[in-house]
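# Working through the structure, step by step
The residues making up each chain are set out below.
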Amino acid sequence: DAGVIQSPRHEVTEMGQEVTLRCKPISGHDYLFWYRQTMMRGLELLIYFNNNVPIDDSGMPEDRFSAKMPNASFSTLKIQPSEPRDSAVYFCASSPPGLGNTIYFGEGSWLTVV
Amino acid sequence: QKEVEQNSGPLSVPEGAIASLNCTYSDRGSQSFFWYRQYSGKSPELIMSIYSNGDKEDGRFTAQLNKASQYVSLLIRDSQPSDSATYLCAEDTGRRALTFGSGTRLQVQP
C-alpha cells in the first residue's frame, strides 16, 4: 500500500516567495496532520484535520501559514510570504479511524528559505 | 515546560547491551503513548504503542508505562548498530494528535 505522499521533497526558495507543500494521505485515513521539525523546537504540531475539517490550528505560527483540505485525498500547507525562520522539515501524517491509532508519517518536505 | 520530556543524549551503549530510554509526561489525562524511531534524514516510524500500565514486549523491544509516576520507557535488548537513531516519545491526550518529546539520540557502538 502507498504511504503518505508529500511533495515537493526538497524546496529552496527566496525570502518573500510563496511556498505550497502538498500531501496525499493514506487511503481510508480520516485524520491528517501537519508537523514541522527543527533542531531547536523538535517536532511540533501545526494543524490537523478530521474528515477534511480543521480541528485544531493553534500550532500554526502566524497568519503567514494556512492549510486546506479540499477532499479526503489531498491537503496543502501554504506559507506566504516565506521567511528564513520557516526553514524546516514539514511532515504530513495520517491516521485511520478508531481510538488510539497510529500516526503514519510521509517522508517530509525539506524547506530552505534563503 | 514541554509536555513530554526526554533526555536528548546521546546515549551510548555497546553492541549487545540493553539500551534504556526514558520519557516523562505532565498531562495525567494522557491515554496512550508511542515510541517512534527516526533515522537521520528520515521520517519517524512507529516502534511500539502502549495504553495500559505495565510492560509490553515486541521482539527486542519492551515498552513500560507507569501512569502513577507519569513515565514511559523503552528497553532495547541486544542492541545493534542499526538501532542507532533518535527515539521519540509521544503522548495522545485524547484529541488524536500526538505531542512529541524532543527525542533521545542512541548510539550503539560496534
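Coordinates for the structure precede this section.
A brief look at the structure comes next. Bear in mind that the values here come from a model prediction, so they are computed numbers and not experimental data.

### Focus: the overall build of chain A
For chain A, the helix and strand inventory stands at 0 helices and 11 strands. The order of α-helices and β-strands along chain A, N terminus first, is β-β-β-β-β-β-β-β-β-β-β. A compact globule built from 114 residues should have a C-alpha radius of gyration of about 13 Å, and chain A, at 13 Å, falls within 12% of that. Overall, chain A is about 40 × 30 × 25 Å in size when its C-alpha atoms are taken along their principal axes. A buried classification covers 50% of the 114 residues belonging to chain A. Taking contacts inside chain A between residues at least 6 apart in sequence as the whole, the part at least 24 apart equals 53%. Surface exposure of chain A reaches about 5,700 Å², of which carbon and sulfur atoms provide 51%. Computing the positive centroid from 9 side-chain charges and the negative centroid from 13, chain A places the two 2 Å apart.

### Considerations on the state of the cysteines
Residues and elements named next belong to chain A. Tallied over the entire structure, the rule returns 2 disulfides over all chains. Here Cys23 pairs with Cys92 through a disulfide, and the sulfurs are 1.9 Å apart. A torsion of -70° about the S-S bond marks the disulfide between Cys23 and Cys92 as left-handed. With Cys23 in strand S3 (residues 19-24) and Cys92 in strand S9 (residues 88-95), this residue pair connects regions lying 69 residues apart in the sequence. In this structure, Cys23 and Cys92 share a single accessibility class: buried.

Parameters at a glance
Residues numbered from 1 in each chain as written. Chains lettered and ligands numbered in written order. Predicted model: local features only at pLDDT ≥ 70, side-chain atom pairs only at ≥ 80, totals over all residues. Heavy atoms only, no water. Helix = DSSP H or I, 4+ residues; strand = E, 2+ residues; numbered from the N terminus. Rg over C-alpha atoms; globule rule 2.2 N^0.38 Å. Buried < 20%, exposed > 50% of the residue type's maximum accessible area, 1.4 Å probe, protein only. Contact = heavy atoms within 4.5 Å. Areas by Shrake-Rupley, 256 points an atom, 1.4 Å probe, with all protein chains shown as cover. Lys, Arg positive; Asp, Glu negative; His and termini not counted. Charge placed at Lys NZ, Arg CZ, Asp CG, Glu CD. Disulfide = S-S within 2.5 Å.

Nothing here speaks to function; it is geometry throughout.
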